[in-house]
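Residues per chain, in single letters:
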Amino acid sequence: MPTRTASQGILSDENAGKREEIVGLLEKAYWMEIETVMSYVANSVNPDGVRAQEIIESLRGDIQEELGHAQQFAQRIKELYGVVPGSLDFTAEQSYLQPPEQQTDIVHVIKGVIEAETGGIEHYNHIIEVTDGVDWVTQDMVITILHDEERHRRLFEGYLREFDEEGT
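Rules behind the numbers
Think of each chain on its own: its residues are numbered from 1, step by step along the sequence as written. Given that the model is predicted, a residue must reach a pLDDT of at least 70 before its local features are reported, and side-chain atom pairs must reach 80 or more before they are shown or counted; all residues, however, enter totals for whole chains, interfaces and linings. In computing side-chain properties, one takes all heavy atoms of the structure into account and sets aside hydrogens as well as water. Any carboxyl oxygen of Asp or Glu that lies within 4 Å of a side-chain nitrogen of Lys or Arg is treated as forming a salt bridge with it. Numbering of helices and strands runs from the N terminus, with a helix taken as a DSSP run of H or I at least four residues long and a strand as a DSSP run of E at least two residues long. Classification of residues uses two cut-offs on accessible area relative to the type maximum, computed with a 1.4 Å probe and protein chains only: under 20% is buried, over 50% is exposed, and between them is partly exposed. Note on definitions: angles span 0 to 180 degrees between N-to-C directions of axes, and those axes are lines fitted to C-alpha atoms, for helices only across the stretch in contact. Small angles under 35 degrees read as roughly parallel and large ones over 145 as roughly antiparallel, with 65 to 115 read as roughly perpendicular and the rest as oblique. In a left-handed crossing the near helix is turned counterclockwise from the far helix by less than a right angle, and in a right-handed crossing that turn is clockwise. Contact definition: two residues touch when any of their heavy atoms are within 4.5 Å. Nonpolar residues are Ala, Val, Leu, Ile, Met, Phe, Trp, Tyr, Cys and Pro. Charged residues are Asp, Glu, Lys and Arg, and all others, Gly as well, are polar. We call a set of buried residues a nonpolar core when its members are Ala, Val, Leu, Ile, Met, Phe, Trp, Tyr or Cys and they connect through side-chain atoms within 4.5 Å of each other.

J.: I keep staring at the pattern of salt bridges and nothing clicks. Help me out?
T.: All told, the structure shown has 8 salt bridges when counted by the stated rule. A salt bridge links arginine 151 to glutamate 65, with the nearest nitrogen and oxygen atoms 3.1 Å apart. With arginine 151 in helix 4 (residues 136-165) and glutamate 65 in helix 2 (residues 53-79), the pair connects residues that are 86 residues apart, well separated along the chain. By relative accessible area, arginine 151 is classed as partly exposed at 40%. Given the relative accessible area of 25%, glutamate 65 is considered partly exposed.

Printed below as a string of structure tokens:
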């Protein structure tokens, strides 16, 4: 008996091209999250100073959430008949989240986090648009992840405002 394929939706043969496009977008999202985890680990350890402690604690909490996002993207890639890429396919892009020269430069870290979250928000909005009407499961997952990223960005915008108001 031949294997039956889906007759409609993203898993159907007629949507193979769209599915490949979505897998490509999910791979980019996967790498963005993995890179953010690496950067957040560094930036949750390196900073010095009393003012750094709240940022350190916030980033430590975010590491697990961002790793969870990467795992969700990986699982969805697999579900869409893609292959989750290995480490040799990784190319770093987050120059703005590299540790600052002065480990007391907490504003640099805050601005880097805002930039990373903004990039994620923009990419996830794009995925939501691409999946509309064709891949409701991916769209639903990405909407939930988008909510997390918007919350992270808003939190770090608040940290930045506090530093700006104090003139540091």
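J.: Please clarify how the packing of helix 2 against helix 3 (residues 106-131) should be interpreted in this entry.
T.: The packing of two helices is summarised by the inter-axis angle and the distance between the axes. For the pair helix 2 and helix 3, the least separation of the axes is 13 Å and the interaxial angle reads 25 degrees. In terms of axis orientation, helix 2 runs roughly parallel to helix 3. Relative to helix 3, the crossing made by helix 2 is left-handed. Here Ile55, Leu59, Glu66 and Phe73 of helix 2 lie close against helix 3, whose contacting residues are Ile106, Val109, Ile110, Val113, Glu117 and Tyr124. Broken down by class, the residue content of the contact of helix 2 with helix 3 amounts to 8 nonpolar, no polar and 2 charged.

J.: Just to check I follow, could you spell out the nonpolar core for this structure?
T.: Side chains of nonpolar character tend, in soluble globular proteins, to be buried together. Membership of the largest hydrophobic core comes to 23 residues, with the highest contact counts inside it found for Ile22, Leu26, Tyr30, Phe73, Tyr124, Ile127 and Val142. Secondary structure elements with two or more residues in this core: helix 1 (16-43), helix 2, helix 3 and helix 4. Apart from residues lying up to four places away in sequence, isoleucine 127 is in contact with Leu25, Leu26, Ala29, Thr138 and Val142. Grouped together as the second largest cluster of nonpolar side chains are 19 residues, Ile55, Ile56, Val113 and Ile114 included.

J.: Would you explain unusual backbone geometry in this entry?
T.: A negative phi angle is the norm for most residues apart from glycine, just as the trans form is the norm for most peptide bonds. Of note, the phi angle at tyrosine 81 is positive, near 70 degrees, even though the residue is not glycine. Relative to the assigned elements, tyrosine 81 resides in the loop between helix 2 and helix 3. Tyrosine 81 gets classed as exposed once you look at its relative accessible area, which sits at 60%.

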